[in-house]
Amino acid sequence: MQSRLSDPQIAEFAQNGYTLFKQPVFEAAKFQDLKAIFEDDLAQFGDANLDTMHFRDARLLPFLMSDEILDLVEPLIGPNIGLWSSHFISKPARTGKATPWHEDSAYWDGRMSTMEGIVTVWLAIDRAFPENGSMGVIPGTHAGGFSEYERVDGKENIFETQVKGVNEDDAVFFTLEPNECSLHESRIIHGAHPNTSEFRRAGYTMRYFPTTTKFFADNPRNAGHRLWLARGADIAGNPFENA
């Protein structure tokens with residue numbers, strides 16, 4: 001394993017639940033290939049139907065299983081890595097809704113034996129900055145993962161619930177250039193403002209888990225969900241497509 005993260009980045013992730021990788025993730029030509037796949041899928045499926053695109057577009061699997069990505073993930077969760085999910089996200093200029101404060105873990109509760117250690121790589125396809133709805137996090141909140149939620153207006157937000165009592169003064173909002181990424185733990189509280197700019201904000205979330213975690217295949221919410229062994233060995237006996 002060739003770690004692409006520095007020791008301070010690894011320590012920041014452990015302490016705060018996130019870190020930024022402000023370098024090109026892929027070589028320029030490979031990134032352009034991924035962006036072209038995104039534009040194809042966006043044109044075909046629309047910006048509201050881009051979840052688990054690798055189930056429908058196998059061209060994405062070489063990117064999801066690439067050393068460029070896994071060498072970012074391994075220092076954070078260890079050498080045995082499963083691919084949990086992926087999702088293209090596109091917020092159109094001026095019309096992109098807000099992403100309420102939430103924990104990914106709260107939406108995945110019960111689908112796996114633990115939410116601890118699930119890592120999302122958020123790769124910027126377009127430049128992401130606060131005015132076009134870049135992600136913000138509340139540092140250090142990844143020790144919980146199951147906060148109290150309240151209702152919000154679904155016309156203005158992509159979800160209809162949000163974590164109660166978040167102090168936005170504590171938030172850190174990211175700025176990422178195309179082909180840079182952030183990494184965050186599934187339990188951290190995060191969200192994004194609406195896109196009020198003239199610029200689209202698109203990204204690709206790639207989500208991974210340590211294979212010591214057990215996927216509950218008999219949970220009805222997991223029906224049709226597919227996993228891949230991305231690196232190392234299957235420890236918990238999960239139903240990987242390629243193992």
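Provided above is the structure to which this section pertains.
Residues numbered from 1 in each chain as written. Predicted model: local features only at pLDDT ≥ 70, side-chain atom pairs only at ≥ 80, totals over all residues. Heavy atoms only, no water.

> Would you mind showing me how to read the overall build of the protein chain here?
Scanning the protein chain from N- to C-terminus turns up six helices and 12 strands. Against the 2.2 N^0.38 benchmark of 18 Å for 243 residues, the protein chain shows a C-alpha radius of gyration of 17 Å, consistent with a compact globule. Projected onto its principal axes, the C-alpha coordinates of the protein chain cover approximately 45 × 40 × 40 Å. Considering the protein chain as a whole, with its 243 residues, one finds that 51% of them fall into the buried category. Relative to all contacts within the protein chain whose residues are 6 or more apart in sequence, the contacts with residues 24 or more apart total 82%. A total accessible area of about 10600 Å² is found for the protein chain, and carbon and sulfur atoms account for 50% of it. (Helix = DSSP H or I, 4+ residues; strand = E, 2+ residues; numbered from the N terminus. Rg over C-alpha atoms; globule rule 2.2 N^0.38 Å. Buried < 20%, exposed > 50% of the residue type's maximum accessible area, 1.4 Å probe, protein only. Contact = heavy atoms within 4.5 Å. Areas by Shrake-Rupley, 256 points an atom, 1.4 Å probe, with all protein chains shown as cover.)

> Sorry, what's going on with the packing of aromatic side chains here?
Ring pairs (aromatic) are described by centroid distance and by the angle formed between their planes. Summed over all chains, the structure comprises 12 aromatic pairs. Between the aromatic rings of Tyr107 and Tyr149, the centroid separation amounts to 6.2 Å while the plane-to-plane angle is 80°, which identifies the pairing as edge-to-face. Pair noted here: Tyr107 is in helix H6 (residues 104–108) and Tyr149 is in strand S6 (residues 149–151), with a separation of 42 residues, a long-range link. You can call Tyr149 partly exposed: its relative accessible area is 22%. By the ring-pair criterion, three or more aromatic residues cluster together here, those being Phe38, Phe88 and Tyr204. (Phe/Tyr/Trp six-rings, centres within 6.5 Å; stacked < 30°, edge-to-face > 60°.)

> Mind showing me how you'd approach the sheet that holds strand S1 (residues 18–21) here?
Strand pairing within a sheet occurs via backbone hydrogen bonds; the two strands may be parallel or antiparallel. Read across the sheet, six strands follow the order S1-S9-S4-S11-S2-S12 without closing on themselves; strand pairing throughout is antiparallel. Edge positions in the sheet fall to S1 and strand S12 (228–231), since each of these pairs with one other strand and no more. Going from strand to strand, the sheet's axes swing by 30° on average, the running direction of each strand aside. With three bridges joining them, strand S2 (residues 81–91) and S12 adopt antiparallel strand pairing. Its bridge partner being in S12, Ile81 is matched across the sheet by Arg231. In the packing of helix H2 (residues 28–45) onto the sheet, the strands contacted are S2, strand S4 (119–124) and strand S11 (201–210), and the crossing angle to S2 comes to about 65°. Contacts from helix H5 (residues 67–77) reach S1, S2, S4, strand S9 (181–185), S11 and S12, with the element oriented near 50° to S11. (Pairing = 2+ DSSP bridges. Axes fitted to C-alpha atoms, helices over the stretch in contact; angles between N-to-C directions.)

> Would you take a moment to explain the pattern of salt bridges for this structure?
A side chain with one charge can pair with a side chain of the opposite charge if their charged atoms come near. In the structure shown here, the tally under the stated rule is 16 salt bridges. When the shortest N-O distance is used, the salt bridge between Glu68 and Lys30 registers 3.1 Å. Of this pair, Glu68 sits in helix H5 while Lys30 sits in helix H2, and the two are 38 residues apart along the sequence. For Glu68, a relative accessible area of 22% puts it in the partly exposed group. Here Lys30 falls in the partly exposed class, since its relative accessible area comes to 27%. Measuring nitrogen to oxygen at the nearest pair gives 3.4 Å for the salt bridge that ties Glu148 to Lys164. Linking Glu148 in the loop between strand S5 (135–137) and S6 with Lys164 in the loop between strand S7 (161–163) and strand S8 (172–173), this pair joins segments that are 16 residues apart in sequence. Judged by its relative accessible area of 55%, Glu148 falls in the exposed class. Linked by salt bridges that have partners in common, Asp67, Asp71, Glu74 and Arg231 make up one network. (Salt bridge = Lys/Arg side-chain N within 4 Å of Asp/Glu carboxyl O.)

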